[in-house]
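# Results of the structural survey
Below are the chains, spelled out letter by letter.
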Amino acid sequence: ELDRSAPRGVWSAQLTVDGQEAIAGSVSWSVEDFVPERLRVQIEASEDVLRRGQSRPINVQADFLYGAPGSGLAVEAEGRLMIDPNPFPEQEGYAFGVADESFDERFFQLPGTVTDGTGAAQLSFQLPEEPQTTMPLRARMLASVADPGGRVVRENFTVPVRLNDVYLGMKPTFENRRAGQGEAVGYDVIALNANGQRVAVRGVQWQIVREDWNYDWYLDSGTWRWRRTGRDIPVDGATVNLEAGQPLRIAKDGLRDGSYR
């Protein structure tokens, strides 16, 4: 809670962690005189899956609270493209996308427009750039309309983004990314289309790789540092067909201690 005498303006807070150079998180907000809202903004946009190359309309309706249509008002929309943390809720426990692949959030702006005489406007939602990634994504959209005094009314919605035709999912039969020595290590593997439906895929190649790491210490300007180098050692693999019904179980026992992928 802010004190009533807090100065107007933009405030911010940062979270820092001991031993970590980068800021762990931040948030900002504005402290302003209260001005009652004058506009009611309604957004109509499909939240169905957006595929590669697709676009869809965002319909905006702005009306003043005293009844008149909000004509001649500036309309804008922006979005953030990010990894979808739960892309296929029906497939609990499955992970999708290459495990060591990273994806940085991307901010994008849609071309703005102006409301017509009835207070209506339409924006076209399409990703300006479609990244190549194995990860299921989502776009968090924010549409805004500015009233004549400059106050902005915002509405938001989320759209699943699926840029690939097929997503392979893996679910381990062990917990916490660790298996006991001699324990059978297994994964269930499924294939889904962009809408989350099970599909059959032929010629899927799988491989178990042992990650052999070496650690070297070296002296740099009077300071001891270390670096890690590694090599991949294939352990097992095959080419298989995935069915649309039951998951395919891949299992291997007799693995010695170490790191595997």
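Up top is the structure these notes are about.
These remarks concern the structure in this document.

## Description of the overall build of the protein
Regarding its fold elements, the protein presents zero helices and 17 strands. On C-alpha atoms alone, the protein measures out to a radius of gyration of 26 Å, which is more than a quarter above the 18 Å that the 2.2 N^0.38 rule sets for 261 residues. Burial status across the protein gives 29% buried among its 261 residues. Counting contacts in the protein only where the partners sit at least 6 residues apart, residues at least 24 apart contribute 66% of the total. With the model as given, the accessible surface of the protein reaches about 17,400 Å², and the carbon-plus-sulfur share is 45%. Taking the average location of the 28 positive side-chain charges in the protein and that of its 38 negative ones, the two points are 4 Å from each other.

## A closer look at the sheet that holds strand β8 (residues 106-114)
Strands sit in the order β4-β11-β10-β6-β8 across an open sheet of five strands; the sheet is mixed. Looking along the sheet, the strands with just one partner apiece sit at the ends: β4 (50-51) and β8. Pairing of strand β6 (residues 74-83) with strand β10 (residues 137-146) involves nine bridges; the strand directions are antiparallel. Directly across from Met82, in β10, lies its bridge partner Arg138.

## Details of the side chain of Arg56
Looking at where Arg56 falls in the secondary structure, it is placed in strand β5 (residues 56-64). Nearest to the buried, unbridged Arg56 among oppositely charged side chains is Asp48, at 5.8 Å. Within the structure, Arg56 has its side chain in polar contact with the backbone oxygen of Val49 (distance 3.1 Å). For Arg56, the residues in contact, after removing those within four places along its chain, are Ser46, Glu47, Asp48, Val49, Leu50, Leu123, Ser124, Phe125 and Val159.

## A closer look at the pairing of β10
Two faces belong to every sheet, and in a regular strand the side chains alternate between them. Pairing between β10 and strand β11 (residues 152-162): ten bridges, direction antiparallel. Bridge pairing in β11 places Ala139 opposite Val159.

## Points about unusual backbone geometry
Of note in the backbone geometry, Asn176 takes a positive phi value of approximately 60° without being a glycine. Residue position: Asn176 is located in the loop between β12 (166-172) and β13 (185-193). Residue Asn176 is classed as exposed on the basis of its relative accessible area of 65%. Despite not being glycine, Ser221 has its phi angle at roughly 55°, a positive value. Its location among the elements puts Ser221 in the loop between β14 (201-220) and β15 (223-242). The exposure class assigned to Ser221 is exposed, which follows from its relative accessible area of 74%.

## As for the sheet that holds β15
With respect to topology, three strands assemble into an open sheet ordered β15-β14-β17, the strand pairing being antiparallel. The open sheet is flanked by β15 and β17 (259-260), the only strands paired with a single partner. Pairing of β14 with β15, which is carried by 18 bridges, proceeds in the antiparallel orientation. Paired with Gln207 across the bridge in β15 is Gly237.

## What to know about the packing of aromatic side chains
Summed over the entire model, instances satisfying the criterion amount to six aromatic pairs. Between Phe64 and Tyr66 the ring centres are 5.3 Å apart and the planes differ by 10°, which places this aromatic pair in the stacked class. Residue class for Phe64 comes out buried when judged on its relative accessible area of 8%. For Tyr66, a relative accessible area of 65% translates into the label exposed. Judged by centre distance (6.3 Å) and plane angle (5°), the rings of Phe108 and Phe125 are stacked. A residue pair is termed long-range when its members are at least 10 positions apart, and Phe108 in strand β8 and Phe125 in strand β9 (residues 120-125) qualify at 17 residues. The buried category is assigned to Phe125, whose relative accessible area is 0%. Taken together, the ring pairs in this structure connect Phe88, Phe96 and Tyr167 into an aromatic cluster. The ring of Phe88 carries Arg162 above its face, with NZ or CZ at 5.1 Å from the centroid. One Lys or Arg, Arg228, reaches over the ring of Trp213 and ends 3.6 Å from the middle of that ring.

So, how was this worked out
- Residues numbered from 1 in each chain as written.
- Predicted model: local features only at pLDDT ≥ 70, side-chain atom pairs only at ≥ 80, totals over all residues.
- Heavy atoms only, no water.
- Helix = DSSP H or I, 4+ residues; strand = E, 2+ residues; numbered from the N terminus.
- Rg over C-alpha atoms; globule rule 2.2 N^0.38 Å.
- Buried < 20%, exposed > 50% of the residue type's maximum accessible area, 1.4 Å probe, protein only.
- Contact = heavy atoms within 4.5 Å.
- Areas by Shrake-Rupley, 256 points an atom, 1.4 Å probe, with all protein chains shown as cover.
- Lys, Arg positive; Asp, Glu negative; His and termini not counted.
- Charge placed at Lys NZ, Arg CZ, Asp CG, Glu CD.
- Pairing = 2+ DSSP bridges.
- Salt bridge = Lys/Arg side-chain N within 4 Å of Asp/Glu carboxyl O.
- Polar contact = N/O pair within 3.5 Å; in protein donor to acceptor, adjacent residues only side chain to side chain.
- Phe/Tyr/Trp six-rings, centres within 6.5 Å; stacked < 30°, edge-to-face > 60°.
- Lys NZ or Arg CZ within 6 Å of the ring centre and 35° of its normal.

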